[in-house]
Amino acid sequence: MANANAATLLDVEHVHQRYRNASGEEGSLVLDDISIKLIEGEIVGLLGRSGCGKSSLLRIVSGLNRPSEGNVTFLGTPVTGAVDGVAMVFQSFALFPWMSVLANVELGLKVQGVPDDEARRRALSAIDLIGLDGFESAYPKELSGGMRQRVGFARALVVNPKILLMDEPFSALDVLTAESLRTDLLDLWTEGRMPIKSILMVTHNIEEAVLMCDRIILLSSNPGRVAAEIRVTLAHPRNRLDPEFRQLVNEIYARMTARPVQREPPAKDGAFPGLGLGMALASVSTNSLAGLMETLATKPFDGHAGLPNLAEETGMEVDELFPIAETLQLLRFAEMGDGQIHLSEAGQRFVNAEVDVRKKLFGDHLLSYVPLATRIRRVLDERPTHRAPLNRFLSELEDYMSDDYADTTLDAVTNWGRYGEIFAYDEAAQIFSLEDPT
Amino acid sequence: MQMETIPGLARRALPSYWDLAAFIIVVAVLVGIVSGSNGVAVPLPRPEAPIVDLDYWNLPYYALRTTLRMFAALAASLVFTFVYASLCAKSRRAEMVLIPILDILQSVPILGFLSFTVTFFLGLFPGRVLGAECAAVFAIFTSQAWNMAFSFYQSLRTVPKDLDEVSRSFQLTGWQKFWQLEAPFAVPGLVYNMMISMSGGWFFVVASEAITVGDVSIKLPGIGSYLALAIDGKRLDAVFAAILTMLVVILAYDQILFRPIVAWAAKFRVELTASSNDPTSWVLTVFKRSKWLQALLTPLGWSLKKIRFARLRLPAFGKMALTPPRLVAIGIDWGWYLLITVAVGFAGWKITEYVSATLGWHDALEAMGLTLVTMVRVIVLIALASLVWVPIGVWIGLRPGIAEYVQPIAQFLAAFPVNVLFPFVVAGIVFFHLDPDIWLSFLIVFGTQWYILFNVIAGASAFPNDLKEVAANFHVRGWLWWKHVMLPGIFPYYFTGALTASGGSWNAAIVAEYVKWGDDKVTAHGIGAFIARATEAGDFPRIVLGVAMMSIFVTLLNRFGWRRLFAMAERRLRLD
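Since the model is a prediction, treat every value here as computed from it, not as a measurement.

Q: Give a description of the domain arrangement of chain B that names residues and reports values.
A: All names here are of chain B. With domains assigned, chain B is organised as domain 1 (21-270 + 279-319) and domain 2 (358-576). Residue-level contacts link 33 residues of domain 1 with 33 residues of domain 2. Going through the elements one at a time, α1 (17-41), α3 (92-107), α7 (174-209), β1 (210-213), α8 (223-232) and α9 (236-265) are the ones with two or more residues in the side of domain 1 that touches domain 2. Element by element, the count of residues in the side of domain 1 that touches domain 2 is highest for α7, at six residues. Along the lines of polarity and charge, the residues of the side of domain 1 that touches domain 2 split into 24 nonpolar, six polar and three charged.

Q: Account for the environment of Phe258 of chain B, with residues named and values stated.
A: All names here are of chain B. Secondary-structure assignment places Phe258 in helix α9. With 240 residues separating them in the primary sequence, Phe258 and Ala498 have C-alpha atoms 24 Å apart. Contacts of Phe258, omitting those with residues within four sequence positions, involve Met195 and Tyr253.

Q: Which residues make up the pairing of strand β3 (residues 43-47) of chain A, and what values do they have?
A: Residues and elements named next belong to chain A. For β3, the tally of buried residues reaches five of five residues, placing the bulk of the element in the interior. Relative to strand β8 (residues 198-203), β3 runs parallel, the two sharing five bridges. Residue pairing across strands places Val44 opposite Leu200, the latter belonging to β8. Bridge count between β3 and strand β9 (residues 215-220): four bridges; the pairing is parallel.

Q: A description of the environment of Ser502 of chain B should follow, citing residues and the corresponding values.
A: Residues and elements named next belong to chain B. The residue Ser502 is located in helix α20 (residues 478-512) in this model. Judged by the 23 C-beta atoms lying within 10 Å of it, Ser502 falls in the buried class. If sequence neighbours within four positions are ignored, Ser502 has contacts with Val378 and Ile382.

Q: So what's going on with the confidence of the model for chain B? Residues and values would help.
A: Residues and elements named next belong to chain B. This prediction gives chain B a mean pLDDT of 77; 81% of its residues lie at or above 70. Below a pLDDT of 50 lies the segment residues 1-14, which in the model reaches 26 contacts outside its immediate sequence neighbourhood of four places, other chains included. Predicted confidence is poor over residues 39-45, with pLDDT under 50, and the contacts of this stretch with residues over four places away or in other chains come to 11 contacts. Interface scoring of the predicted complex returns ipTM 0.76; its pTM is 0.76.

Q: Any details on the sheet that holds strand β14 (residues 387-389) of chain A? Residues and values, ideally.
A: All names here are of chain A. Spatial ordering of the open sheet is given by β14-β16-β15, a layout of three strands whose pairing is antiparallel. The strands lining the two open edges of the sheet, one partner per strand, are β14 and β15 (424-426). Shown here is a sheet whose adjacent strand axes are inclined to one another by a mean of 25°, direction ignored. When β15 meets strand β16 (residues 431-433), the two strands line up antiparallel, connected through three bridges. Paired with Ala424 across the strands is Ser433, a residue of β16.

Q: Could you give an account of the packing of helix α14 (residues 390-397) of chain A against helix α15 (residues 403-419) of chain A, with specific residues and numbers?
A: Residue and element names in this part refer to chain A. Put simply, α14 and α15 touch, their axes get as near as 9 Å, and they point 130° apart. As judged from the angle between their axes, α14 and α15 are oblique. Considering the relative orientation of α14 and α15, their crossing is right-handed. On α15, the residues that touch Leu390, Phe393, Leu394 and Leu397 of α14 are Ala406, Thr409 and Leu410. When the residues that make up the contact of α14 with α15 are grouped by side-chain class, the tally is six nonpolar, one polar and no charged.

Q: Please provide a residue-by-residue account of the domain arrangement of chain A, values included.
A: All names here are of chain A. Its domain assignment divides chain A into domain 1 (8-257) and domain 2 (286-433). Counting from both sides, the interface comprises 14 residues of domain 1 and, opposite them, 14 residues of domain 2. At the level of secondary structure, the elements contributing two or more residues to the side of domain 1 that touches domain 2 comprise β2 (26-39) and α7 (243-257). No other element matches α7, which puts five residues into the side of domain 1 that touches domain 2.

Q: Explain unusual backbone geometry residue by residue, including any values.
A: Residues and elements named next belong to chain A. Here His236 and Pro237 are connected by a cis peptide whose omega angle stands at -10°. As for its placement among the helices and strands, Pro237 is situated in the loop between β10 (225-231) and α7. The linkage connecting Lys299 with the following residue, Pro300, adopts the cis geometry, with an omega of 5°. Tracing the backbone through its elements, the reader meets Pro300 in the loop between α8 (286-297) and β11 (304-306). Positive phi outside glycine occurs at Phe93, with the angle close to 70°. As for its position among the elements, Phe93 is in the loop between β6 (86-89) and α2 (101-111).

Q: Describe the sheet that holds β11 of chain A, naming the residues involved and giving the relevant values.
A: Strands in a sheet are paired, the pairing made by backbone hydrogen bonds, and the direction either parallel or antiparallel. Residues and elements named next belong to chain A. The strand order across the open sheet built from three strands is β11-β13-β12, with neighbouring strands paired in antiparallel fashion. Each edge of the open sheet is held by one strand with a lone partner, namely β11 and β12 (334-337). Each neighbouring strand pair of the sheet contributes to a mean axis angle of 15°, computed without reference to strand direction. Helix α9 (residues 307-314) rests against β11 and β13 (340-343) of the sheet, and its axis sits at about 90° to β11.

Q: Explain helix α3 (residues 116-129) of chain A residue by residue, including any values.
A: Since the α-helix turns once every 3.6 residues, residues separated by three or four places project in the same direction. Residues and elements named next belong to chain A. Spanning 14 residues, α3 covers 20 Å between terminal C-alpha atoms, matching the ideal 20 Å at 1.5 Å per step. For α3, the full list of buried residues reads Ala119, Ala123, Ala126 and Ile127. End-on view of α3: buried residues confined to an arc of 100°, all on one side of the axis. Exposed side of α3, more than 90 degrees from the buried face: Asp117, Glu118 and Asp128 are the residues found there. If you follow the buried residues of α3, they end up packed against α2 and α4 (145-157). Looking at the residues trailing α3, positive phi occurs at Gly131, about 85°.

Calculation rules
Residues numbered from 1 in each chain as written. Chains lettered and ligands numbered in written order. Predicted model: local features only at pLDDT ≥ 70, side-chain atom pairs only at ≥ 80, totals over all residues. Domains from an automatic or database assignment. Contact = placed C-beta atoms within 7 Å. Helix = DSSP H or I, 4+ residues; strand = E, 2+ residues; numbered from the N terminus. Nonpolar A, V, L, I, M, F, W, Y, C, P; charged D, E, K, R; others polar. Buried ≥ 20, exposed ≤ 12 C-beta atoms within 10 Å, placed from the backbone. Pairing = 2+ DSSP bridges. pLDDT = per-residue confidence, 0-100. Axes fitted to C-alpha atoms, helices over the stretch in contact; angles between N-to-C directions. Parallel < 35°, antiparallel > 145°, perpendicular 65-115°, else oblique. Left-handed = near helix turned anticlockwise from the far one by under 90°. Expected span 1.5 Å × (residues − 1). Arc of directions from axis to C-beta.

Quick look at the structure:
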């Protein structure tokens, strides 16, 4: 649909975004030099994993947040705050619970001072378009998730925006509902029944991106950078079973599992060279780790699987599967690459072992391969009391990453360390120690 | 009845310099009011006291007057809440000072302020009934406003992020956003706190309608004055009639005003599922079904809507369109700190000057000793009330059939202004020659124990069934059952109740430690009696000293005792 001489609606130029902590100081990068153009008539997907800053980018585009550096222009005008002509659909629907469906949809018109009867007429036609007839007087809490998101769409469309921004609009819905909403939206889009000229959507679902988008912008994580741009030229309606479709999905999986050349933030690493404390870790439970290893070890995989197949088999989304797979890779229980995952020899041993042996093996790998775990253990060993407060490590981590990530990272290592019995932790006192609880 | 978090408790546990500053400011304002109005008040002729008589037939009229005062105070509290809380939520610099002040005002026994405010308003409108009316309304206001403002402020700070983003992306102006998002979001918490405030308000209306400060005494037509007159004349029948009227008024208030509001407020709860047991109200149902009433109200609703959607641009406090450069912002901050420091220093100096003009260290030590006595009394009685009501509350709460009937009664009893019952007790103490230091103590928890009861009932009713079944399955019985199953399960609820009860008890101490029955005066040792006696004598420095001392103790007790317990309960004993 996009053609070369169509107008540029939105221009994102060299946008950088940095973390801001509570006291307003700026920290490390979330978004690193992002440049994107949005052309009339296309659906563009921002695809990336959690932590790649894709939602931050969407909020910068919509004018809700300001970038630390760089510019966003909409139809040639710089975006400095929320603008008319850009509407947003939220992952959490973001409906006002005390307003009826009609009032929710009318809101955007009312605040503009559109006369009552005109607002009513336009709202009803948007409700009609999106398939919400008969629910006008219902309140959001009476509706199912799918119906709520339809209200979200109607509310965004009623103000006649040029661009529709969607922040993971289907990820809070169950599989079937999400599919029906996607299909309906695509139908309206291809039939040209919506006023919008272009859609920019954020997603972590690879199939969804391939199904809907004309262009997929792949973002890498920590900090978010444009890793690749993939054009999808398949005609709508697209068929998920089409070999070309599958090929594209596999290709994106492969790109997303490719080891990034430089993962750790290079700048501040000088203090502890080679320790890699700055590695942000995902909070993954040891049960999930063991579960994935067991699944991999058994048939039909026998220790080796393509990630798309594994995702299908386990019924997990990329966002759930990748952190587990990556943690296994970090702990050397598995190897990943080219869209494939392979159980290592240590992984095999883990699967075949008894509980105590598993814990020992896990603890050993944790100490060898996770710098933060090594550090906590070493501090505890060195101190005569063999005790150290949580905050000691938290503040150390906060030199490298935002408070949120520091929390999550330390939380993850604490749980792994407790499972591997390399240290103990007292939640109430927030103290690490080497004692076994008696 | 659901558990609500106690405003301000979730915040940091230790007193900071800000609290100290806030405390000094609050006391200094009191001193300012008193010394400012003293000059005006001295030549004040006695306000023409409207005659209150003990004829039963006057009671409906008095009840009406009293209720109107409550309404006026509630309206004032709402306006105060909107302005004060919005200011705190929108401006970081205002927040630094205003929130600690609110925190202190909230934990301070407000009844002690009564004398200051009465003097002030009588000074404003010398010799007019209006002054006395204002004083009474203001007294009720001081008992209602703080927790409402706190609740509203906390709601403003916790507006869901996605709804905030929607409002911003649709470019709602500050005014529109306030009425479309912030105010509706705050409604459930605000309504709950209004009800709590109302309960406290009845207590104050009784205390503030007939009051003597030094040689100034006011009597306003109302149930409180009626009661005071009945006590002066030792007329038990009239006291009884007043109590009965109070019962009827509170019941009507609850049914006609609060039930509908609570039922209506349910719509503003941000939750994903429709709950099956939404509160209902027959009054609201009548309103909704009556076409006639609807037609009457439609134009009103329409114009309100116009106002709410007006594209008014409220000045965005502290959020200038262009953020000033960092250095400038830091400069403004330091200027602001300096200003506060100077103001607090000046205030502290004024207080010392005022109090030390007539009082010495000896008096301060005396006040401190008396406050300790009252504190022991409050703690012991809360403990005693807990021993009695926790088992009973659990027993009731585990039996839904009974709880359904008992719960509203307990809530009603908590709203009942217990000071109207004092005369009976005092008559008993005088008659049997009992020791006031012991027997007056019970009056302190007379009205506040119900908070413990109904919160414990709520906790036991909400106790998860699966945990009950586990306990039964493992044959956990007797003391083990209490220690490991039920007490941890209800603790957060019990805590809410005990904290509310403790706050109310400090207030009650001011009226409960010094009680009259005709010419008989019964006094217990304690800071409450100290304040009450000083009030009667019009000895302002002593009142300032007493109230300040009490405030310090209450604040420290809250910070070091209650908040730590609360933090522990939050961390360890939450069931959801």
